[in-house]
Amino acid sequence: MKRTSQVERIPYDDGAGRERHPLGDFPSDSKTSPVLSQSRWVMLAFAFVATVINYLDRQTLSVMAPVLLERFKISATIYSHIIFAFMLAYTVMNGVSGPLLDRLGTKLGYALTIAWWSAAEILHAFSGGAISLGVFRFLLGVGEAGNYPAGVKVIGEWFPPQERSLASGIFNSGAAVGAMLAPPLLAWTVLEMGWQASFVIVGVLGFVWLAAWWIFYRTPPINPAEPEVPPPAVWALAKTRFVWQFTLSKVFADPVWYFYTFWFPQYLKVGHGFTMKEIGETAWIPFFTGGIGNLAGGFLCTGLLRFGMSPQIARRVGVLFFSALMVAAVPAAMVHGSALAIALISTATFGYCGALANVLAIPRDLFPKNAVASIWGLASMGSGFGGMFFSLVTGWLVDHYSFKPAFVLFGLTPIIAACLVWWLPRTIAPDVRTGQMDALGA
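Here is what the cut-offs are and how they apply
- What you see as residue numbers is a count from 1 along each chain, following the sequence as written.
- With pLDDT at 70 or above as the cut-off, local features in this predicted model cover only qualifying residues; side-chain atom pairs require 80 or more to be listed or tallied, and sums for whole chains, interfaces and linings still use all residues.
- Side-chain metrics in this entry use all non-hydrogen atoms of the structure; hydrogen atoms and water are not considered.
- By the criteria applied, helices consist of DSSP H or I runs no shorter than four residues and strands consist of E runs no shorter than two, each listed in order from the N terminus.
- Structural elements are reduced to axes, namely lines fitted to C-alpha atoms, with helices fitted over the stretch in contact, and the angle between N-to-C directions of any two is expressed from 0 to 180 degrees.
- A crossing counts as left-handed when the near helix is turned anticlockwise from the far one by less than a right angle, and as right-handed when that turn is clockwise.
- Contacts are residue-level and defined by heavy atoms, with any inter-residue pair within 4.5 Å sufficient.
- Only Asp, Glu, Lys and Arg are considered charged, only Ala, Val, Leu, Ile, Met, Phe, Trp, Tyr, Cys and Pro nonpolar, and every remaining residue, Gly among them, polar.
- For every residue, the accessible area (1.4 Å probe, protein chains only) is compared with the maximum for its type, and the residue is labelled buried under 20%, exposed over 50%, or partly exposed between those bounds.
- Polar contact is the term for a pair of N or O atoms within 3.5 Å; when the atoms are in protein, one must be able to donate a hydrogen and the other to accept it, and sequence-neighboring residues count only if both atoms are side-chain atoms.
- For a helix, the expected span equals 1.5 Å multiplied by the residue count minus one.
- To qualify as a nonpolar core, a set must consist of buried Ala, Val, Leu, Ile, Met, Phe, Trp, Tyr and Cys residues joined through side-chain atoms within 4.5 Å.
- Values of pLDDT, which run from 0 to 100, indicate the predictor's confidence residue by residue.
- By the definition adopted for this analysis, an angle is roughly parallel if under 35 degrees, roughly antiparallel if over 145, roughly perpendicular if from 65 to 115, and oblique otherwise.
- By definition, no residue in a patch forms a salt bridge, and every one has over 30% relative accessible area; like charges are joined within 9 Å, nonpolar side chains (Val, Leu, Ile, Met, Phe, Trp, Tyr) within 5 Å.
- Each accessible area is a Shrake-Rupley result for a 1.4 Å probe, and residues are judged covered by the shown protein chains and nothing else.
- Salt bridges, as used here, are contacts in which a Lys or Arg side-chain nitrogen is within 4 Å of a carboxyl oxygen on Asp or Glu.
- Two aromatic rings, drawn from Phe, Tyr or Trp (for Trp, its six-membered ring), form a pair once their centres lie within 6.5 Å of each other, and the interplanar angle then sorts them: stacked below 30 degrees, edge-to-face above 60, tilted otherwise.
- By definition, being over a ring means that NZ of Lys or CZ of Arg is both within 6 Å of the ring centre and within 35 degrees of the ring normal.

Some remarks on unusual backbone geometry
(1) Moving on: In this structure, K73 is a non-glycine residue whose phi angle is positive, near 55°.
(2) Moving on: Checked against the element boundaries, K73 lands in the loop between α1 (34–71) and α2 (76–104).

Side note on the packing of helix α16 (residues 372–400) against helix α17 (residues 403–422)
(1) Moving on: Where α16 contacts α17, the two axes come as close as 7 Å, and the packing angle between them is 150°. Judged by the sense of rotation from one axis to the other, the crossing of α16 with α17 is right-handed. Note on element contacts: α17 touches α16 through F403, P405, A406, L409, F410 and T413, opposite F390, V393, T394, L397 and V398.
(2) Moving on: The class makeup of the residues in the contact of α16 with α17 is 9 nonpolar, 2 polar and no charged.

Let's talk about the side chain of S346
(1) Moving on: Along the polypeptide, S346 turns up in helix α14 (residues 338–359).
(2) Moving on: Overall, the relative accessible area of 7% leaves S346 in the buried class.
(3) Moving on: Separated by 2.8 Å, the side chain of S346 and the backbone oxygen of I342 make a polar contact.
(4) Moving on: Ignoring anything within four residues of it in the chain, the contact list for S346 reads I285, P286 and T289.

Quick notes on helix α9 (residues 241–253)
(1) Moving on: With 13 residues, α9 should cover 18 Å at 1.5 Å per step; its first-to-last C-alpha distance of 18 Å lies within 8% of that length.
(2) Moving on: What α9 keeps buried is the set F242, V243, Q245, F246, T247, S249, K250 and A253.

Points about the nonpolar core
(1) Moving on: Membership of the largest hydrophobic core comes to 87 residues, with the highest contact counts inside it found for Y110, F171, W209, W213, Y267 and F407.
(2) Moving on: For this core, the element with the highest residue contribution is α16, accounting for 10 residues.
(3) Moving on: Among all residues touching Y110, those that are not within four sequence positions of it are A47, A50, L101, G105, N147, A150, G151, V154, F171, W209 and W213.
(4) Moving on: Counting 13 residues, the second largest nonpolar core, distinct from the first, contains M64, Y79, V190 and F199.

Some points on the confidence of the model for the chain
(1) Moving on: Taken over all residues, the pLDDT of the chain has a mean of 81, while the share at 70 or more is 85%.
(2) Moving on: Below a pLDDT of 50 lies the segment residues 429–442, which in the model reaches 31 contacts outside its immediate sequence neighbourhood of four places, other chains included.

Notes on the side chain of E144
(1) Moving on: With respect to the helices, strands and loops of the structure, E144 is situated in helix α4 (residues 130–144).
(2) Moving on: Look at E144 and you get buried, because its relative accessible area is 0%.
(3) Moving on: Each residue touching E144, except ones within four places of it in the same chain, is listed here: N54, D57, R58, F86, Y90 and W117.

Description of the packing of helix α10 (residues 255–272) against α17
For any two helices packed against each other, the geometry is given by the interaxial angle and the distance between the axes.
(1) Moving on: Packing of α10 against α17 leaves a shortest axis separation of 12 Å and a crossing angle of 155°. One element, α10, and the other, α17, form an angle in the roughly antiparallel class. For the crossing formed where α10 meets α17, the hand is left-handed. For the pair α10 and α17, the contacting residues are P255, V256, F259, Y260, W263, Q266, Y267 and V270 in the first and F403, A406, F407, F410, T413 and P414 in the second.
(2) Moving on: Tallied by class, residues from the contact of α10 with α17 come to 12 nonpolar, 2 polar and no charged.

Let's talk about a nonpolar patch on the surface
(1) Moving on: On the surface, F84, L88, V92, F138 and F385 cluster together into a nonpolar patch covering about 430 Å² of accessible area.
(2) Moving on: Of the residues forming the nonpolar patch, the biggest block, 3 residues, is contributed by α2.
(3) Moving on: Structurally, V92 can be placed in helix α2.
(4) Moving on: Among the residues examined, V92 registers a relative accessible area of 39% and is labelled partly exposed.

Structural notes on the packing of aromatic side chains
(1) Moving on: Tallying each qualifying case throughout the model produces 27 aromatic pairs.
(2) Moving on: Here F46 and W213 contribute two aromatic rings whose centre-to-centre distance is 5.4 Å and whose plane-to-plane angle is 80°, an arrangement assigned as edge-to-face. Taken together, the residues span a long stretch of sequence, with F46 in helix α1 and W213 in helix α7 (residues 195–216) at a distance of 167 residues. In this structure, F46 and W213 share a single accessibility class: buried.
(3) Moving on: Members of the aromatic cluster, connected to one another through ring pairs, are F259, Y260, Y267, F389, F390, F403, F407 and F410.
(4) Moving on: The lysine or arginine in question, K107, covers the ring of W214, its NZ or CZ lying 4.5 Å from the ring centre.
(5) Moving on: The side chain of R137 reaches across the aromatic face of F86, ending 5.6 Å from its centre.

Here is the structure:
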């Protein structure tokens, strides 16, 4: 008897954008049940708050760098090695955390993830120099790698296709909120209680989240249209054209966000002569517009669905539209006025987050819910390696030329990423759908 693959999926549309089988739709009564409706937004709130805490943990060292570098006599080069330790762990562990979450389940997997990174954050308070900071930062990266695969898994389990882009935008806006809150909150705790207390307080927030998660987590409803099957093997997923092309798109898309996160304050100082006070007053603006972009990306997809587009087409249109806005980075470093430059950069971050809100929801359109964390983990490895590579390119460009070619680079790479997303397969490749059970670990 012919056996079907664990990742086999009925084709989503007929090539004209008309939906034939809404993969992952909930039972018909799920949309009218007040209890279910409330539960899925509670689960989304947990994922949002976890992402805020994730970015607070991530930004703690950055905010306190002036204090710690002076205290431990750490040079800028050594500090870059500490950052690299975090990025290396974060990148590699994305490929591990996703499959682990698919096998352990959402409740336990998410709990272990945030417990690990919160404990690592607290360990920073016991740092005695560059080596210990680097070790603790590496451990933080190991744990933080699980946040996005876990959040995407929550959304894939709880939300029907027409709501996933909006839910993804809300979830991902936690990154922008965390990046905005980190400088004022952490600066205050350093001044009032010292640098050790700052690490401990932020780490404890994770354990508070963990206690609430363990109490209030609910198992998502069973979908009769999608029976439970064992999670597919990671290697089998990685060989599909969808997964490797999706991963490649992240190589070109996500370094844009890393560029603004790590280089924007330095650009304001070098390019416009901003003081630290002026940087503190303005550096949050692109992250604020990024948060709005997350919601805009979800609302655009929802609007396109109401006009009759299938979810797959609507999400791809959203990615193209918002990626086009990211080209605003090209003239950002060429204008003379700082206000206009910040406005252009803020347009680019708005576009990045709007595109990401739709990208986050795409894998679940084709793959079962117990595969999306694995897929996102693999894609995040591409994101991390791209981030490390383009960070080196950025440093070389700035040292040898200026910020201008860097802004041109990060204004054009999103177009490459958007094209890769647009041309993603809309059905699973035939060699995966035709019963290669051994390759899938069956």
